[in-house]
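Residue-level listing of the chains:
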Amino acid sequence: MDLLNTLVDKGLRRELPTREEALAVLATSDDDLLEVVAAAGKVRRQWFGRRVKLNYLVNLKSGLCPEDCSYCSQRLGSKAEILKYTWLKPDEASKAAAAGVAGGAKRVCLVASGRGPTDRDIDRVSETIEAIKEQNEGVEVCACLGLLSDGQADRLRSAGADAYNHNLNTSEGTYGDITTTHTYADRVETVHQAQAAGLSACSGLIAGMGESDADLVDVVFSLRELDPDSVPVNFLIPFEGTPLAKEWNLTPQRCLRILAMVRFVCPDVEVRLAGGREVHLRSMQPLALHLVNSIFLGDYLTSEGQAGQADLDMIADAGFEVEGAGTTTLPAHRAQSSGGCGSHDGGCTPCGDASGEAGEATVCGTSVEATASGVPAARTDLVAVRRRGAGTDLAPNA
């Protein structure tokens, strides 16, 4: 296919595709899906080999958010029956992080719901970062605390944070349809603040909220311009009790096309498969490893993921390897310009919270009854609210 040959050539040269080419990837047929994955896989392997970076989420403060992001189970007015708790103590957060590191995670992502941190919150998170770094040599720490005020990114950097996550989520043109309590420009400004402080920027999107192909291309091209080191791709899990509870728009094939398009537009960036993979990709998850070079291990913020060991088995069975702590994630030309870190994820809604996700390996691949429109029926059976790990007395999934 001429389109794919062109996109591979451009990806190997780090050349930006045209908008028409990106839209054409999303418009390819299911019959061409394996060719699309194979083509994007060549680009992925050029820059990242067969390495898969593991990241582990720790939800420092769950629920109780004053923002109205429609996709989020922690939003203002959410009736989702999620865990709700205030700030974890540094030792509690460090203990939770240690479980992920023991499971193979190279990066710990510290997330807190809310519009943005107070200066006291920055003190709390700084103590937590220091505790994690002290107990886990070589681990990367990414903070995801919402909108930042002047000087806060510098303080996080001084405390030892390696990265900051704040997702754009959707296109600028449709942003007001999903959130009214802050703006798209607010999010861009926070990413710029993180970059100015020397933090590795992580910013991504959520697919499946009813957006068009043009919206998806718009947000990915905006991310390319913003130039984060890491781009997490979330697939909406429609939590009961949120405004988008009925938005079941994705198929495994569409998810793979979206990931391929992101890889072609952002060839040398850490593309992370984030929230929603178990629910929407199901038994097709291993194919996604040919497109992304980073995933979350175990559970997410407010929902449960597949067993951590199942993640490790999937990586090995697909012929990939877990990226070691001594390996630099990014290609040399990016690592040098970004300080050598790697990447990461969130926003007022962090990556992984943009959707609740779940599904043990035993349910992956279950046949799905299609509706008359050809879109699979809602798989609410795959959405499980997190009841273990941080904020509970039960062991975490890692």
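Use the structure listed above.
Residues numbered from 1 in each chain as written. Predicted model: local features only at pLDDT ≥ 70, side-chain atom pairs only at ≥ 80, totals over all residues. Heavy atoms only, no water.

Q: Please provide a residue-by-residue account of helix α5 (residues 119–135), values included.
A: When the terminal C-alpha atoms of α5 are compared, their 25 Å separation across 17 residues agrees well with the 24 Å that a helix rising 1.5 Å per residue should span. Buried within α5 we find Asp121, Ile122, Val125, Ser126, Thr128, Ile129, Ala131 and Ile132. (Helix = DSSP H or I, 4+ residues; strand = E, 2+ residues; numbered from the N terminus. Expected span 1.5 Å × (residues − 1). Buried < 20%, exposed > 50% of the residue type's maximum accessible area, 1.4 Å probe, protein only.)

Q: Which residues make up the pattern of salt bridges, and what are the values?
A: Close approach of charged atoms allows side chains of opposite charge to pair. Under the counting rule described, the total for this entry stands at 20 salt bridges. Here glutamate 270 makes a salt bridge to lysine 53, at a shortest N to O gap of 3.7 Å. Separated by 217 residues along the polypeptide, glutamate 270 in strand β8 (residues 270–273) and lysine 53 in strand β1 (residues 51–61) bring together distant segments of the chain. A residue is classified by how much of its surface remains accessible, and lysine 53, at 0% relative accessible area, is buried. (Salt bridge = Lys/Arg side-chain N within 4 Å of Asp/Glu carboxyl O.)

Q: Tell me about the environment of valine 217, and name the residues and values.
A: Looking at the secondary structure, you find valine 217 in helix α9 (residues 213–226). Sequence separation between valine 217 and glutamate 21 is 196 residues, and the spatial gap between their C-alpha atoms is 9.9 Å. Contact partners of valine 217, with chain neighbours within four places excluded, come to Arg19, Ala22, Leu23, Leu26 and Met261. (Contact = heavy atoms within 4.5 Å.)

Q: Before we move on, can you summarise the packing of aromatic side chains with the specific residues and values?
A: Remark: the centre distance and the inter-plane angle together describe each pair of aromatic rings, the angle taken between the planes. Summed over the entire model, instances satisfying the criterion amount to one aromatic pair. Judged by centre distance (6.0 Å) and plane angle (70°), the rings of tyrosine 175 and tyrosine 184 are edge-to-face. The exposure class assigned to tyrosine 175 is buried, which follows from its relative accessible area of 2%. Classification of tyrosine 184 by relative accessible area gives buried; the value is 9%. Its end group placed over the ring of phenylalanine 296, arginine 272 keeps NZ or CZ at 5.4 Å from the ring centre. (Phe/Tyr/Trp six-rings, centres within 6.5 Å; stacked < 30°, edge-to-face > 60°. Lys NZ or Arg CZ within 6 Å of the ring centre and 35° of its normal.)

Q: Requested: an account of the pairing of β1, with residues and values cited.
A: Judged by how many residues are buried, β1 sits mostly within the fold: eleven of eleven residues are covered. Here β1 pairs with strand β10 (residues 321–322) via two bridges, running parallel. Bridge pairing in β10 links arginine 51 to glutamate 321. Bridge analysis of β1 against strand β9 (residues 294–296) gives three bridges, and the strand direction is parallel. Note that in β9 the partner of asparagine 55 across the bridge is phenylalanine 296. Bridging between β1 and strand β2 (residues 107–112) involves six bridges; their strand directions are parallel. Along β2, the bridge assignment pairs asparagine 59 with valine 111. (Pairing = 2+ DSSP bridges.)

Q: An account of empty space enclosed by the protein is requested, with residue identities and associated values reported.
A: Inspection of every chain in the model, using the stated rule, returns two cavities of 30 Å³ or more. Empty space within the largest cavity amounts to approximately 100 Å³. What lines the largest cavity is a set of 14 residues, among which Tyr56, Leu57, Arg386, Gly389 and Ala390 lie closest to the centre. If one sorts the elements of the lining of the largest cavity by residue count, β1 sits on top with four residues. (1 Å grid on protein atoms, 1.4 Å probe; cavity = no way out; pocket = protein on both sides within 12 Å on 5 of 7 lines; lining within 4 Å. Points joined across faces, edges and corners; volume = space filled by probe spheres on them.)

Q: Any details on unusual backbone geometry? Residues and values, ideally.
A: Only a minority of non-glycine residues have a phi that is not negative, and only a minority of peptide bonds are not trans. The backbone phi angle of arginine 14 is positive, close to 60°, even though this residue is not glycine. When its relative accessible area of 39% is taken as the criterion, arginine 14 is described as partly exposed. Phi angles above zero are rare outside glycine, and arginine 282 is one such case at about 50°. In this fold, arginine 282 is placed in the loop between α11 (277–280) and α12 (285–288). On the basis of relative accessible area, arginine 282 is assigned to the buried category, the value being 8%.

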